[in-house]
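Listed here are the chains, written in short residue letters.
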Number of protein chains: 2
Amino acid sequence: MPLTRADCERLDEADLLGGLRESFAVPERLIYLDGNSLGIMPRQAANRAAMVLKEWEEHLVGGWNDAGWWDLPITLGDKIARLLGAAPGTMVVTDNTTSNLFKVINAAIARDASGDIVAATTSFPSDLYVAADIAARHGRRLRLVGRDAESLTELLEQPVAVVVIEHVDFRTGALADMKAVTSHIHDRGALVIWDLSHSAGVVPVELAACGADFAVGCTYKYLNGGPGSPAYVYVAPHLITEATQPIPGWLGHAEPFRMEPDYRPSSTIRRFLTGTPSIVAMRVLESSIDLFDGIDISAVRAKSAALTDLFIRLVDERSPEAEVVSPRQAAMRGSQVSLRHQDGRAITRDLIAAGVRGDFRAPDLLRFGFAPLYLRFTDVWDAVDVLATVLDQRSASASNAEDDWHAPT
Amino acid sequence: MPLTRADCERLDEADLLGGLRESFAVPERLIYLDGNSLGIMPRQAANRAAMVLKEWEEHLVGGWNDAGWWDLPITLGDKIARLLGAAPGTMVVTDNTTSNLFKVINAAIARDASGDIVAATTSFPSDLYVAADIAARHGRRLRLVGRDAESLTELLEQPVAVVVIEHVDFRTGALADMKAVTSHIHDRGALVIWDLSHSAGVVPVELAACGADFAVGCTYKYLNGGPGSPAYVYVAPHLITEATQPIPGWLGHAEPFRMEPDYRPSSTIRRFLTGTPSIVAMRVLESSIDLFDGIDISAVRAKSAALTDLFIRLVDERSPEAEVVSPRQAAMRGSQVSLRHQDGRAITRDLIAAGVRGDFRAPDLLRFGFAPLYLRFTDVWDAVDVLATVLDQRSASASNAEDDWHAPT
């Protein structure tokens, strides 16, 4: 028996995370399925923005000590580390994802005289740009491979220094098995860098337990840190004291206020800091990270699986002409479902006009992200309802257009 | 005849920039002479912070187009360019000063196969760290030289690719002659990178007229952008299309939304962008940059010279035991006066306790920054009054301590 909207209402009533929606400034009359691109603003962001301005006004330069600004990249890093299965002192909030990836690829290849750099073909383009440029500058080969186990096995038959791979494919939402892939790469003597941009905050991540070497990621997707909010970088504990990165700034110095002419890197994760970071941006980000306090990330994951399962089922029932590109097994995907349709761009535009915000990736992918902290099961129902209407209207007008074409008048 | 406080009151009354103080959240009962480290908050920062959160709330991911976020590094760069004598399209706001310096040193040495990297010994340590690391990684020699014309001439007798130099020395406040130094360096076939951190917003800077090749700088000092506010990078128009930088991110791509696997740099200054920048931090910074609208920077410079002249004169009159280290000619210094005293650290602490905020740089420098947008001539008077009292008390207690020491009791 097909699902009904009433079924979805019952799911919302039973949803233990449902109350969190109130913590977000969810717009009325919009079903927002683009939290995989930019998360919705937590309501307390406004208080934190006001707070950091108050800190600036009252403490002035003294805020670096008195308001905890100096340690904020570390203290905020520790909060994110908790969400990502990493130990305190292994993560800092700093710079952007691209710059952090730049640092850790360089740190990784410094440990291996000649091995290749490998990246998944599916990587976010910025990751590929950095990997290719570093390879070219260091006389390394960059090899691009598929994310499947077979491709990974094949690639590792030649010497590899480091593999860069996204935990969740930003196009299809496919989720990699971090533990198995990491272990596979380690077996061949290479290091792995995980890009967590599309999994942090919505998939349980266990960096330490999986033995990941490095990780980077952004905070403006499911972590809801705001447009362009600062990124993070993770370095496994045993690598920290020997890892070097190529942008040695005063924030990474062992004793920055001695103002020494020579760089001596901090023996801690601080060495991955560069210059002075934006405190305002970090305070606003902190408001969204603090929202995760007391939230069980496995409950978030369970709701994410249920929302995406529901979306796929409803699309299959009501809009079968849109091909589901994402893995159909919830365990194999992140919190995103991508559909393929040759008119994807126009359909995305029509959906937005009708109050359903997803996005489009050329040539034919419609992407829908499902943020469990603020989305309801009825939102999924209503979104597919709109999608079905949009697709019906398109095929109706296409038929009409065809009629017109053949009509002599 | 010695100056009186009444004289200073008259100077304040005649000050055409005096009204600007109202635009800043100047703390009561504090004379803040540390604007060379972190400027005071412009009152409209609160509105801008609220505005950008409103943009986030209402536009969500659409804000990248609809709220102008995508172009903000450029539009804000253009506003700062106007203050620094640079043409529109030659400056972007992005990352931090250290990272931007890293980019432009790399861009500079890519144009010269083997020349040395030269930096002033007086450079801010972070600048030296980056220069030294790049030199080591590229097999270049790093040579450190004095800022005087003689040292510069000498150094240029051997092949040089690029010279990194601060416009204003962060320790002494000494101001370099940008036009003469640039021309001197160009005569020897080298490029020059100016660090404007301590001159932007308080000294007229003419990047284009001086023929500067590259410039970087922070925005949280005399530009009052807030703690860790984003930095800027300038590239001379004729260098933009051929300059390459080593952190190629998607924001610098010619067509970022095509999500191509290969990097094709934008033909514009955008190529100096890396990953996604903090929009919240940039909006807050924009509020302080907009304050300069309609302000004549030469009037700011004139007031700066008058404030620092006054400070030096009063120190000479009332606290001659503190040696003025900064150039005594206003034309030769930025908006900062540094004093030398062997007890500098303790004196700085005493001054802060007494409501005068300067800072200390080891081993013996007391630094005082004079931000003409919010400081009054009477502030200078009162600050020296406190300084004289602090120094008098110290020598009195030192005498007492000496008495105690020699006293048998």
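The structure presented is a predicted model; accordingly, all values stated were derived computationally and were not measured.

Engineer: Can you break down the overall build of chain A residue by residue, with the values?
Structural biologist: Tallying secondary structure elements over chain A gives 14 helices and 13 strands in all. A compact globule built from 409 residues would reach a C-alpha radius of gyration of about 22 Å, and chain A, at 23 Å, matches this within 12%. Over its C-alpha atoms, taken along the principal directions, chain A stretches across nearly 80 × 55 × 45 Å. Counting contacts in chain A only where the partners sit at least 6 residues apart, residues at least 24 apart contribute 70% of the total. Accessible area of chain A: about 15,100 Å², with a carbon and sulfur share of 51%.

Engineer: Hey, could you go over the side chain of T172 of chain B for me, with residue numbers and the actual values?
Structural biologist: All names here are of chain B. Structurally, the position occupied by T172 is in the loop between β5 (160-166) and α8 (178-187). Looking at T172, its side chain comes within polar contact range of the main-chain nitrogen of A174, at 3.1 Å. For T172, the contacting residues outside a window of four places in its chain are V325, S326, P327, Q336 and S338.

Engineer: Kindly report on the interface of chain B and chain A, identifying the contributing residues and their values.
Structural biologist: Residue-level contacts link 68 residues of chain B with 68 residues of chain A. Across the chain B to chain A interface the summed buried area is about 5,600 Å²; carbon plus sulfur atoms make up 69%. On the chain B side of the contact with chain A, W56, Y129 and P227 of chain B bury the most area, a combined 15% of that side's loss. Our enumeration of links across chain B and chain A arrives at zero salt bridges. Sorting elements by how many residues they give to the side of chain B that touches chain A places helix α6 (residues 125-137) of chain B first, with seven residues. Of the residues assigned to the side of chain B that touches chain A, the class counts are 38 nonpolar, 20 polar and 10 charged.

Engineer: An account of the relation of the copies chain B and chain A is needed here, citing residue identities and associated values.
Structural biologist: Between chain B and chain A, the superposition needs a rotation of 180° and an axial shift of 0.0 Å, giving an RMSD of 0.0 Å. Seen this way, the second copy is the image of the first under a two-fold rotation axis. By C-alpha distance to the rotation axis, the residue of chain B lying nearest is A281 of chain B, at 2.8 Å. The fraction of interface residues of chain B whose copies in chain A are also interface residues reaches 100%, indicating that both copies meet through the same surface.

Engineer: Which residues make up helix α4 (residues 72-83) of chain A, and what are the values?
Structural biologist: Residue and element names in this part refer to chain A. Between the first and last C-alpha of α4 there are 17 Å, a value that for 12 residues agrees with the 16 Å anticipated at 1.5 Å per step. Residues of α4 that are buried include every one of L72, P73, I74, L76, G77, I80, A81 and L83, and no others. On its buried face, α4 is in contact with β2 (91-93), β8 (232-235), α11 (279-290) and α12 (297-318). Of the residues flanking the end of α4, it is G85, one or two places downstream, whose phi is positive at about 65°.

Engineer: Break down the packing of α4 of chain A against α11 of chain A for me, with residues and values.
Structural biologist: Residues and elements named next belong to chain A. Remark: α4 packs on α11, axes separated minimally by 11 Å, with the N-to-C direction vectors making an angle of 20°. It follows that α4 is roughly parallel to α11 by the angle criterion. For the pair α4 and α11, the crossing hand works out as left-handed. For the pair α4 and α11, contact is made by L72, P73, L76, K79 and I80 and by I279, M282, R283, L285, E286, I289 and D290, respectively.

Engineer: Got a sec to walk through the packing of helix α5 (residues 97-109) of chain B against α6 of chain B? Specific residues and values, please.
Structural biologist: All names here are of chain B. Their axes nearest at 10 Å, the elements α5 and α6 cross at an angle of 40°. Helix-helix and strand crossings are classified by hand; for α5 and α6 the assignment is right-handed. In this structure, α5 uses T98, L101, F102, I105, N106 and I109 to contact α6, whose residues at the interface are S126, D127, V130, A131 and I134. Its residues placed into classes, the contact of α5 with α6 shows seven nonpolar, three polar and one charged.

Engineer: How would you summarise unusual backbone geometry if you had to cite specific residues and measurements?
Structural biologist: Residue and element names in this part refer to chain A. A cis geometry characterises the amide bond from A362 onward to P363, with omega recorded as 5°. Assignment of secondary structure puts P363 in the loop between β12 (359-361) and β13 (365-369). At R29, a position not held by glycine, the phi torsion is positive, near 55°. Within the secondary structure, R29 sits in the loop between α1 (5-14) and β1 (31-32). Even without a glycine there, the phi angle at M259 is positive, about 50°. Looking at the secondary structure, you find M259 in the loop between α10 (237-240) and α11.

Engineer: Summarise a negative patch on the surface; cite the residues concerned and give the values.
Structural biologist: A surface patch of negative charge is lined by D148, E150, E154 and E157 of chain A. Checked against the element boundaries, E154 of chain A lands in helix α7 (residues 149-155).

Engineer: A description of the packing of aromatic side chains should follow, citing residues and the corresponding values.
Structural biologist: Under the definition given, this model contains 23 aromatic pairs over all chains. On the basis of an interplanar angle of 80° and a centroid distance of 5.3 Å, the ring pair of F124 of chain B and F170 of chain B is categorised as edge-to-face. Taken together, the residues F124 of chain B in the loop between β3 (116-120) and α6 and F170 of chain B in the loop between β5 and α8 connect sequence positions 46 residues apart. Taken as a pair, F124 of chain B and F170 of chain B share a single burial class, namely buried. Positioned above the aromatic ring of W381 of chain A is the side chain of R318 of chain A, whose terminal nitrogen or guanidinium carbon lies 5.5 Å from the ring centre.

Engineer: Hey, could you go over the sheet that holds strand β6 (residues 191-195) of chain A for me, with residue numbers and the actual values?
Structural biologist: Residues and elements named next belong to chain A. Pairing is mixed across the open sheet formed by seven strands, whose spatial order is β2-β8-β7-β6-β5-β3-β4. In this open sheet, the two edge strands, each paired with only one partner strand, are β2 and β4 (142-145). Within this sheet the neighbouring strands show an average axis-to-axis angle of 15°, counted without direction. Looking at chain direction, strand β3 (residues 116-120) and β4 are connected through four bridges and run parallel. Bridge pairing in β4 places A120 opposite V145. Running at roughly 165° to strand β7 (residues 214-217), helix α5 (residues 97-109) makes contact with β3, β5 (160-166), β6, β7 and β8 of the sheet. In the packing of helix α8 (residues 178-187) onto the sheet, contacts are made with β5 and β6, and the angle to β6 comes to roughly 150°.

Engineer: For the pattern of salt bridges, give the residues involved together with the corresponding values.
Structural biologist: Residues and elements named next belong to chain B. In total, this model carries 69 salt bridges over all chains according to the counting rule given. A salt bridge links D133 to R137, with the shortest nitrogen-to-oxygen separation between them at 2.6 Å. Placement of the pair is D133 and R137 together in helix α6, with a separation of four residues, close to one helical turn. Judged by its relative accessible area of 40%, R137 falls in the partly exposed class.

Engineer: I'd like a rundown of the nonpolar core, residues and numbers included.
Structural biologist: In this structure, L207 of chain A together with L207 of chain B are the most contacted members of the largest nonpolar core, which totals 290 residues. Those residues within four positions of L207 of chain A in sequence are excluded, and the remaining contacts are L84, G85, A86, M91, M178, L196, A212, A215 and Y234 of chain A.

Engineer: So, the confidence of the model for chain A: which residues are in play, and what are the values?
Structural biologist: Residues and elements named next belong to chain A. Per-residue confidence for chain A averages 94 on the pLDDT scale, and 97% of its residues sit at or above 70. Below a pLDDT of 50 lies the segment residues 402-409, which in the model reaches zero contacts outside its immediate sequence neighbourhood of four places, other chains included. Per the prediction output, this complex has pTM 0.96; the corresponding ipTM is 0.95.

Engineer: Go over the environment of G225 of chain B with me, naming the residues and quoting the values.
Structural biologist: Residues and elements named next belong to chain B. The topology assignment puts G225 in the loop between β7 (214-217) and β8 (232-235). Taking relative accessible area as the criterion, G225 reaches 3% and is therefore assigned buried. Once the C-alpha coordinates of G225 and G39 are considered, the two residues, 186 residues apart in sequence, prove to be 7.3 Å apart.

Engineer: Describe in detail the sheet that holds strand β4 (residues 142-145) of chain B, supporting the description with residues and values.
Structural biologist: Within a sheet, each strand pairs with its neighbour through backbone hydrogen bonds, oriented either parallel or antiparallel. Residue and element names in this part refer to chain B. Pairing is mixed in the open sheet, where seven strands are placed in the order β2-β8-β7-β6-β5-β3-β4. Looking at strand neighbours, the two that pair on one side only are β2 (91-93) and β4, the edges of this open sheet. Each strand of the sheet is rotated relative to its neighbour by a mean of 15°, with strand direction disregarded. Examined bridge by bridge, β3 and β5 share four bridges and lie parallel to one another. From the neighbouring strand, V118 faces β5, where its bridge partner is V163. Across the sheet, helix α4 (residues 72-83) is in contact with β2 and β8; its angle to β2 comes to roughly 120°.

Parameters at a glance
Residues numbered from 1 in each chain as written. Chains lettered and ligands numbered in written order. Predicted model: local features only at pLDDT ≥ 70, side-chain atom pairs only at ≥ 80, totals over all residues. Heavy atoms only, no water. Helix = DSSP H or I, 4+ residues; strand = E, 2+ residues; numbered from the N terminus. Rg over C-alpha atoms; globule rule 2.2 N^0.38 Å. Contact = heavy atoms within 4.5 Å. Areas by Shrake-Rupley, 256 points an atom, 1.4 Å probe, with all protein chains shown as cover. Polar contact = N/O pair within 3.5 Å; in protein donor to acceptor, adjacent residues only side chain to side chain. Buried area = accessible area lost by both parts, 1.4 Å probe. Salt bridge = Lys/Arg side-chain N within 4 Å of Asp/Glu carboxyl O. Nonpolar A, V, L, I, M, F, W, Y, C, P; charged D, E, K, R; others polar. Least-squares fit on C-alpha atoms with pLDDT ≥ 70 in both. Expected span 1.5 Å × (residues − 1). Buried < 20%, exposed > 50% of the residue type's maximum accessible area, 1.4 Å probe, protein only. Axes fitted to C-alpha atoms, helices over the stretch in contact; angles between N-to-C directions. Parallel < 35°, antiparallel > 145°, perpendicular 65-115°, else oblique. Left-handed = near helix turned anticlockwise from the far one by under 90°. Patch = residues over 30% accessible without salt bridge, like charges linked within 9 Å, V, L, I, M, F, W, Y side chains within 5 Å. Lys, Arg positive; Asp, Glu negative; His and termini not counted. Charge placed at Lys NZ, Arg CZ, Asp CG, Glu CD. Phe/Tyr/Trp six-rings, centres within 6.5 Å; stacked < 30°, edge-to-face > 60°. Lys NZ or Arg CZ within 6 Å of the ring centre and 35° of its normal. Pairing = 2+ DSSP bridges. Core = buried A, V, L, I, M, F, W, Y, C linked by side-chain atoms within 4.5 Å. pLDDT = per-residue confidence, 0-100.

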